[in-house]
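In case you want the letters, here they are:
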Amino acid sequence: MRRFILSLLGVAALAVTAIAILPSLISSDWMRAELGRQLSAATGSSIAFNGPVKLSAFPYLAVIAENVTLSAEAEGITAEFAEVAGSVAISSLWSDRLRIKQIALDRPVIVLNEKAPGDEVPAPAGGGDETGSGDPLPALVAFLERSAIESVSIASGTFVRRSAANPEEVVSDVELTLTAPDIDDAFSLSASARMGGRNYETSFTISTLRSLLERQPADVTLAVEADPAPAPGMSSLEASGQVTLNANGSYQIKGGEVEAGEQAFGLNALFVPGERARFLVDLEADRLDLTPFMAAAPETSQSGAPAAETAGRANLQFLAGFDADMSINAAALTIGEISATDVSFAAALKNGELVAELGHLGIDAGSVAANVATDVRADDPVFRGRLASKGLDIAKLSALAGQTVPLSGALTIDAGFAFRGLDAQDIRKTADLTGTIGLRDAAYTLPGIADETMREVKAKKITARIESLAKPVRVAGRLEWRSKPVDVDLQIPAADTILAGNLAAEGIPLRLQVKMPDANLSLDGKAALPGTYAGNLGFSTADLSAFLAGFGQSGAESVGPLAFNGHVDAGPTSVSFKKATISVNGVEGAGSGSVEFATPLKITTALNFDELDLARLAGAQSPAPQAKAPKGGEPADAPLDLSSLRSVDATVQLNAKKLGYGKVFAGPVATSLVVSDGVASLTLPESPFYGGHVVASLKADGSQPEPSIALQASISGASAAPLLTDMAGFKYLEGALKARFDVTGAGGTTRTLAKSLQGTADVAFSDGAIRGIDIADVYNNLVRLMSSGFKQDDGTATTFTELAASFAIEGGVARTEDIKLVGPLVRMSGNGAADLAERTLNFRLEPRLVASLQGQGAEISTDGIGVPVVVEGSFAAPRIYPDLSDLLKNPDAALAKLKDFGLPIDKLPIGDLVNGGGAGGSVKDLLGGALNKALEQEEQQLSIEEIIGGGTAPRPDKAAGEIPVNEEPATAEQPGVGTDMPGDEADGSMESLFKKLLR
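The rules behind each value
Residues numbered from 1 in each chain as written. Predicted model: local features only at pLDDT ≥ 70, side-chain atom pairs only at ≥ 80, totals over all residues. Heavy atoms only, no water. Helix = DSSP H or I, 4+ residues; strand = E, 2+ residues; numbered from the N terminus. Buried < 20%, exposed > 50% of the residue type's maximum accessible area, 1.4 Å probe, protein only. Contact = heavy atoms within 4.5 Å. Areas by Shrake-Rupley, 256 points an atom, 1.4 Å probe, with all protein chains shown as cover. Pairing = 2+ DSSP bridges. Phe/Tyr/Trp six-rings, centres within 6.5 Å; stacked < 30°, edge-to-face > 60°. Patch = residues over 30% accessible without salt bridge, like charges linked within 9 Å, V, L, I, M, F, W, Y side chains within 5 Å. Salt bridge = Lys/Arg side-chain N within 4 Å of Asp/Glu carboxyl O. Lys, Arg positive; Asp, Glu negative; His and termini not counted. Charge placed at Lys NZ, Arg CZ, Asp CG, Glu CD. Core = buried A, V, L, I, M, F, W, Y, C linked by side-chain atoms within 4.5 Å. pLDDT = per-residue confidence, 0-100. Polar contact = N/O pair within 3.5 Å; in protein donor to acceptor, adjacent residues only side chain to side chain. Arc of directions from axis to C-beta.

Considering the overall build of the chain
Okay, so step 1: Helices and strands together make up the secondary structure of the chain, namely 23 helices and 47 strands.
Okay, so step 2: Out of the 999 residues in the chain, the part that is buried amounts to 43%.
Okay, so step 3: Here the analysis covers contacts within the chain between residues at least 6 apart in sequence; of these, 50% occur between residues at least 24 apart.
Okay, so step 4: If you sum the accessible surface of the chain, you get close to 49700 Å²; carbon and sulfur atoms cover 54% of it.

Here you go:
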């Protein structure tokens, strides 16, 4: 500015001198040369008139010169003027005061070349005081003391600034008007120009220059407008006050006012001119609203000019030409919805280095302090600083960012930061942060939960440490939810999260681990605020029904342990998953599928299982061990709840290596499970089953208050022993099984369901055995049996080629009247029942021997003294033994039958015993005494155990349905049979008989 004013003064001197030497000019060539010489000598610059020069005397003394050049080497200024016009009042010829009517510079191009250090050209003698001070005002005042300027103007001017350190800076479209009619009148300057893609307009007035010369206050006003704004809220600046020239050459403003970005400040300032001007500014404000400064810059200017992004990047280089110290104090500050009090701010600018410090910013939840530093000379300034706060209200901060979050509490910060540029997008891309950020007395509201006690997660204090925004922020700590501790480990890619802009659309990348007393959750993906998530999800709980009950939810009462891990894409209304592993009640599977959150829940999946146990999947519990069975030996009773089927419509494609119920499995199987209207249907195609095959269909109906099932199955060629062991714990039948079942039942517990079963069953075994008894051996060793008793031996067996029966099932009891057994040495028929609820058996088999005991032959009738086989007791431990009571009802027939069996009774003292000749009485008496005692009790019949032992007991041939429900199952070895007694006193009648026979 100083050099520009000196150039204007030189041009004014040119015009005055030209008019003054007008009479001495003879020719135009000589006139141009003489004008150039005179003006060059007067200004210390090289001035040349290269075009026509026109002179006039009326009405004013005027000169118009075209193509004028100026070179001030000492100042580093060169200029070219398309036209220079000047005029003075005629009275200036005889007056000591020069009155300049007009100086007009048309299309000037002024170039300022900055010298490198050490290359400065010494200033001309006598000019050091004026030019070295850097203040053009004293030279202008000295000029105006001898002259008056009505108008100085520049039209379509261009200023070019060149330096070795910086690229060429161009100020174009310069329009300038300066008026200074008198030293006692107002001095005014107005100008407009285009620089760096922006249009600037400025005006400057001083009430009187004489007051400044006399070091008296003078009124000064300044107005600057920029389009587009160099920074948000900085489109205009207005300042006014009284300026005083100090003795040291500085200018001081007291009691001034500044308006910037619709903000008003009180102003006290000091301007120290020189080669590098310096400003000291103190601003005071009662209320400071920074909201306009935070707004985005307009996309287009008011005049339709292109946006700043297209014109060039915003920078602070306009601050590089001077030094400054500034302080701002505001009683109240507003940023959006955030209010602050007692704000103190200080900034220092020296040699292009800007350091600013926010000493105090009082906010509702605490205070903020910060500092920042940058180099304003850079094209893209880099800002570095530190931010500290003991508490910021999270809700208000989120509102400032244009977001709403379901989080409340105080945010604490102690972190260093850095970013590049002034544009918001540049800041987001380049920002970095290091330090700690914490939450204090925070509460997070979980979406979609009505119960206030369930939806609120609290954190007394939790801290996040940040190494860099390029690295994930890790938050680890303990929260409180449902009055229970929750351990959280959260990792968020901070740059994407904090600086992503529209979090609602882009989502939040995160890794989360949550551990609760009753569940664990892990996320590794991206979540968005509307409730969407994409990524890996892991969840496990030991009891899903209890966990959901904590949320006030129901519908999964039959689901206990649950685990899920896989990739999910979840939205507000549906979720899909793939590459997932799922475990429900201990049943583990893998696959993909989708769930639509409708009523009922719609599920479509394709799952693979190694072992799919429908009993465990439905929530059925394993029976309690025998040792821990309820009192009386009754089987354990477990709840059976299929109500969750009502809330699901599902189509599940199943591929299982093993599929079954409880311990009974078939497989491999490929089928589909369909759930609709509360009914689950599963059709089992022909599948491998215990060495054979099975075809089955199962329906489980949970649509009614009482759940029900319907089972149809057909089995062929299955190995009976492992199947019956797995199905009922029954280990006493071997062979190949062929069977057909058609059974239905209903009940709220497993026992109630078992008691309700009804239907039919046909079973047939081939090439097998009944373990625990050898029927042929029983007949071969009756004497031993009658003397020492029967002992059940699982190592013995009655082999058969065919065993078949048909059952009618009613009330949970399966009854049959057509048991048929065909074996190499024995044939049997029989009847009886199996109580499926009590898990007990009661069968009576009538055997017939084949040929003789020594070999194959015709069947030997045992009518009258038959030895039936009784099977009774629990499924897991039945009693299997021969019933000898009928044999002992008729002693004479018994002896004859023993002889028919080939027993050597003729070698025994049998006659004495029969006729009573031996000690102890006859056989008739021994047998008869016991039998008469039994016959007197008409409702009782003695078994072989009681006859041998001398006791009484009811016969075990009652129907299974009549077995007392609290009767304790017997062990394999029958009480009183084959048991040594302590002495002769304990011997019964039959015991005494056989002791006599054998001694």
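Considerations on the pairing of strand 1 (residues 46–49)
Okay, so step 1: Only one face of strand 1 is covered, namely the face carrying Ile-47 and Phe-49; the face carrying Ser-46 and Ala-48 is uncovered.
Okay, so step 2: Examined bridge by bridge, strand 1 and strand 3 (residues 61–72) share four bridges and lie antiparallel to one another. Counted as the bridge partner of Phe-49 is Val-68 from strand 3.

Some thoughts on the packing of aromatic side chains
Okay, so step 1: Per the counting criterion, the structure on display carries nine aromatic pairs.
Okay, so step 2: Note on Tyr-251 and Phe-271: the rings are 6.0 Å apart at their centroids and 25° apart in plane angle, and the pair reads as stacked. Taken together, the residues span a long stretch of sequence, with Tyr-251 in strand 13 (residues 251–260) and Phe-271 in strand 14 (residues 263–272) at a distance of 20 residues.
Okay, so step 3: When its relative accessible area of 23% is taken as the criterion, Phe-271 is described as partly exposed.
Okay, so step 4: Plain terms: the ring middles of Phe-279 and Phe-322 are 5.1 Å apart, the flat faces sit at 80° to each other, and that makes the pair edge-to-face. Of this pair, Phe-279 sits in strand 15 (residues 278–289) while Phe-322 sits in the loop between helix 7 (308–311) and strand 16 (323–335), and the two are 43 residues apart along the sequence.
Okay, so step 5: Through pairs of rings, three or more aromatic residues link up here, namely Tyr-251, Phe-271, Phe-279 and Phe-322.

Re a negative patch on the surface
Okay, so step 1: On the surface, a cluster of negative charge is made up of Glu-201, Glu-225, Glu-238, Glu-257 and Glu-259.
Okay, so step 2: Inspection of the secondary structure puts Glu-225 in strand 11 (residues 218–227).

Here's the deal with the nonpolar core
Okay, so step 1: Counting residues in each nonpolar core, the largest one holds 138 residues, and the members touching the most others are Leu-612, Leu-654, Leu-659, Phe-689, Leu-723, Leu-733 and Phe-765.
Okay, so step 2: In terms of residue count, the dominant contributor to this core is strand 33 (residues 648–661) (six residues).
Okay, so step 3: Every residue in contact with Phe-765, bar those within four places of it in the chain, is listed here: Ala-720, Leu-724, Leu-733, Ala-736, Leu-737, Phe-800, Thr-801, Glu-802 and Leu-803.
Okay, so step 4: Judged by nonpolar contacts, the second largest core, of 38 residues, contains Ile-47, Leu-189, Val-243 and Leu-245.

With respect to the pattern of salt bridges
A side chain with one charge can pair with a side chain of the opposite charge if their charged atoms come near.
Okay, so step 1: By the definition in use, this model includes 23 salt bridges.
Okay, so step 2: One salt bridge in this structure joins Arg-276 and Asp-323, with 2.7 Å as the shortest N-O distance. With Arg-276 in the loop between strand 14 and strand 15 and Asp-323 in strand 16, this pair connects stretches of sequence that are 47 residues apart.
Okay, so step 3: Accessibility expressed as a relative area gives 11% for Asp-323, which makes it buried.
Okay, so step 4: In this structure, Arg-377 engages Glu-353 in a salt bridge whose closest nitrogen and oxygen atoms are separated by 3.6 Å. Remark: Glu-353 occurs in strand 18 (residues 353–363) and Arg-377 occurs in the loop between strand 19 (366–375) and strand 20 (382–393); sequence separation between them is 24 residues.
Okay, so step 5: On the basis of relative accessibility, which here comes to 41%, the residue Arg-377 falls in the partly exposed class.
Okay, so step 6: Three or more residues are tied together by salt bridges with common partners; here these are Glu-353, Asp-375 and Arg-377.

Some details on the environment of Glu-817
Okay, so step 1: Assignment of secondary structure puts Glu-817 in strand 42 (residues 813–822).
Okay, so step 2: Judged by relative accessible area, which is 66%, Glu-817 ranks as exposed.
Okay, so step 3: A sequence separation of 16 residues divides Glu-817 from Ala-833, and the C-alpha atoms of the two residues are 8.9 Å apart.
Okay, so step 4: Not counting residues up to four positions away in its chain, the partners in contact with Glu-817 are Gly-830 and Asn-831.

Section: the confidence of the model for the chain
Okay, so step 1: Looking at the chain, pLDDT values average 75 and 68% of them are 70 or higher.
Okay, so step 2: With pLDDT under 50 throughout, residues 296–311 is counted as low confidence; its partners more than four residues away or in other chains account for 13 contacts.
Okay, so step 3: A low-confidence stretch, residues 622–632 (pLDDT under 50), is modelled with nine contacts involving residues beyond four sequence positions or located in other chains.

Comments concerning unusual backbone geometry
Okay, so step 1: A cis amide bond links Thr-599 to the next residue, Pro-600, at an omega of 0°.
Okay, so step 2: Mapped onto the elements, Pro-600 comes out in the loop between strand 31 (587–596) and strand 32 (601–613).
Okay, so step 3: With omega at 5°, the peptide bond leading from Gly-667 into Pro-668 counts as cis.
Okay, so step 4: Looking at where Pro-668 falls in the secondary structure, it is placed in the loop between strand 34 (664–666) and strand 35 (669–676).
Okay, so step 5: Phi at Asn-585 takes a positive value of approximately 55°, unusual for a residue other than glycine.
Okay, so step 6: Counting through the fold element by element, Asn-585 comes out in the loop between strand 30 (574–584) and strand 31.

What about the side chain of Thr-541?
Okay, so step 1: Here Thr-541 shows up in strand 28 (residues 532–541).
Okay, so step 2: Separated by 3.3 Å, the side chain of Thr-541 and the backbone nitrogen of Asp-543 make a polar contact.
Okay, so step 3: In contact with Thr-541, other than residues within four places in its own chain, are Asp-518, Ala-519, Phe-547, Gly-560, Pro-561 and Leu-562.

Things to note about the side chain of Thr-840
Okay, so step 1: Mapped onto the fold, Thr-840 is located in strand 44 (residues 840–852).
Okay, so step 2: Thr-840 has contacts with Ala-833, Ala-834, Asp-835, Gly-873, Ser-874 and Phe-875, leaving out every residue within four places of it along the chain.

Details of the pairing of strand 9 (residues 187–195)
Okay, so step 1: Sheet topology places strand 8 (residues 169–180) next to strand 9; seven bridges connect them, and they run antiparallel. Note on strand 9: the bridge partner recorded for Thr-179 is Ser-188.
Okay, so step 2: Hairpin connection, strand 8 to strand 9: the antiparallel pair is bridged by six residues.
Okay, so step 3: Direction of pairing for strand 9 relative to strand 10 (residues 198–206): antiparallel, over a ladder of nine bridges.

Examining the environment of Ser-643
Okay, so step 1: Summarising the element assignment, Ser-643 is placed in the loop between helix 14 (614–617) and strand 33.
Okay, so step 2: With 60 residues separating them in the primary sequence, Ser-643 and Ser-703 have C-alpha atoms 6.8 Å apart.
Okay, so step 3: In this structure the side chain of Ser-643 is engaged in a polar contact, spanning 2.7 Å, whose partner is the side chain of Asp-641.

A short note on helix 15 (residues 720–728)
Because each turn of an α-helix spans 3.6 residues, side chains separated by three or four positions end up pointing in the same direction.
Okay, so step 1: Ala-720, Leu-723, Leu-724 and Ala-728 are the residues of helix 15 that are buried. An end-on view of helix 15 places all buried positions within 90° of arc, on one side of the element.
Okay, so step 2: Where helix 15 is buried, its residues touch strand 34, strand 36 (679–689), strand 38 (708–719), strand 39 (733–746) and strand 40 (758–772).
Okay, so step 3: Positioned one or two residues after helix 15, Gly-729 has a phi angle of 70°, which is positive.

Regarding the environment of Thr-177
Okay, so step 1: Topologically, Thr-177 is positioned in strand 8.
Okay, so step 2: C-alpha separation for the pair Thr-177 and Ser-203, spaced 26 residues apart in sequence, amounts to 9.6 Å.

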